[in-house]
Amino acid sequence: MPNNSATLSERIESILDFDKRIFFFILVLFFIAIRYITNDLILQSIPGYEKLNEEGSFMIFHIFNTLNYLWTPFALLWKFTLISFLIWTGAFTLGYKISFKLLWQYVMVAEVVFILPELFKMIYFILPDDTVSFQDIRDYYPLSLFSLIDSDSLPAKFHYPFRAINLFEVIYIYLLTLGFQYLSKKSFSNAFVIILISYVFFFLLWLAFYILVYK
């Protein structure tokens, strides 16, 4: 078992051996590029898009999207910092000491998993047929609870939570557990407990809060 742990640690360490600043820059570019293409698909799926665009009807939409693209790096920085702080605090509460800097860097690397649903969504709607509406593109989230049910029968306040609970989130939790195991040199089960009481707990708490305050 120690040999297996050592091998896993060595693999993770080798995977993380690169310039994190360049990685962050590339990560931001990926998210912006994929979202730009997806937003363009959403616009083109609206009936009479070309005429409405010429009339300037989508000006607010374009401004909002531009601001969203500019906000992307700051949103990612905030997300990495918040998640790292939650995990670091959970670890500290149970007496584990780990480097916040290394934890932050690992959380950033684990974010790669969330490029996949964005990419799948873009590919799925790259050539939409006439029956696809902009709501279909906007609300689509692959391999989520939302994609497994009839959304028309689901109250609107549950749409976001059901999209947030998906296979990629499960993979992300697994990656966070592996990362904490590597950084803390503890067992996988101990690392999983830390992720459960920190990230997973507050993730579920946020979803519950969203449902309660939704109007």
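Because the structure is predicted, anything quoted here is derived from the model rather than measured.

Student: Explain the side chain of Ser-84 here, please?
Tutor: Turning to its location among the elements, Ser-84 is positioned in helix H4 (residues 59–93). For Ser-84, a relative accessible area of 0% puts it in the buried group. Excluding anything up to four places from it in sequence, Ser-84 contacts Phe-100, Leu-103, Trp-104 and Val-107.

Student: How should the environment of Phe-85 be read in this particular structure?
Tutor: Positionally, Phe-85 belongs in helix H4. Its relative accessible area of 46% is what places Phe-85 among the partly exposed residues. Sequence separation of Phe-85 and Phe-100 is 15 residues, and the distance between their C-alpha atoms is 7.7 Å.

Student: Please clarify how the pattern of salt bridges should be interpreted in this entry.
Tutor: Pairing between side chains of opposite charge can happen when their charged atoms approach one another. In total, this model carries two salt bridges according to the counting rule given. Here Arg-35 ties to Glu-118 by a salt bridge, and the two come within 3.4 Å at their closest N and O atoms. With Arg-35 in helix H2 (residues 20–44) and Glu-118 in helix H6 (residues 115–124), the pair connects residues that are 83 residues apart, well separated along the chain. Between Glu-111 and Lys-79 there is a salt bridge, with the nearest N and O atoms lying 3.0 Å from each other. Taken together, the residues Glu-111 in the loop between helix H5 (100–110) and H6 and Lys-79 in helix H4 connect sequence positions 32 residues apart. The buried category is assigned to Glu-111, whose relative accessible area is 3%. Classification of Lys-79 as partly exposed rests on a relative accessible area of 26%.

Student: How do you make sense of the packing of H4 against H5 when you look at a structure like this?
Tutor: Helix-helix packing is characterised by the crossing angle of the two axes and by the distance between the axes. At a minimum axis distance of 9 Å, the contact between H4 and H5 shows a crossing angle of 125 degrees. Here H5 runs oblique to H4, going by the angle between their axes. The way H4 lies across H5 gives a crossing that is right-handed. Here H4 contributes Leu-77, Phe-80, Thr-81, Ile-83, Ser-84, Phe-85, Ile-87 and Trp-88 to the contact with H5, which in turn contributes Phe-100, Leu-103, Trp-104, Val-107 and Met-108. Tallied by class, the residues present in the contact of H4 with H5 amount to 11 nonpolar, two polar and no charged.

What counts and what doesn't
Each residue is numbered by its place in its chain's sequence as written, counting from 1. For this predicted model, a pLDDT threshold of at least 70 governs which residues receive local features, and a threshold of 80 or more governs which side-chain atom pairs are given and counted, while totals over whole chains, interfaces and linings are taken from all residues. To obtain the side-chain values, all non-hydrogen atoms of the structure were included, while hydrogens and water were left out. Helix numbers and strand numbers start at the N terminus; a helix is a DSSP run of H or I with at least 4 residues, a strand a run of E with at least 2. We call a residue buried when its accessible area falls under 20% of the maximum for its residue type, exposed when it is over 50%, and partly exposed in between, using a 1.4 Å probe and counting protein chains only. Contacts were defined at the residue level, with two residues in contact if any of their heavy atoms lie within 4.5 Å. By salt bridge we mean one thing: a side-chain nitrogen of Lys or Arg within 4 Å of a carboxyl oxygen of Asp or Glu. In this description, a line fitted to the C-alpha atoms serves as the axis of each element, helices being fitted only across the stretch in contact, and the angle between N-to-C directions of two axes falls anywhere from 0 to 180 degrees. Under this scheme an angle from 65 to 115 degrees is roughly perpendicular, one under 35 degrees roughly parallel, and one over 145 degrees roughly antiparallel; angles in between are oblique. Each crossing is labelled by how the near helix is turned from the far one, with a counterclockwise turn of less than a right angle marking it left-handed and a clockwise turn marking it right-handed. Under the convention adopted here, Pro, Cys and the residues Ala, Val, Leu, Ile, Met, Phe, Trp and Tyr are nonpolar, Asp, Glu, Lys and Arg are charged, and Gly plus all remaining residues are polar.

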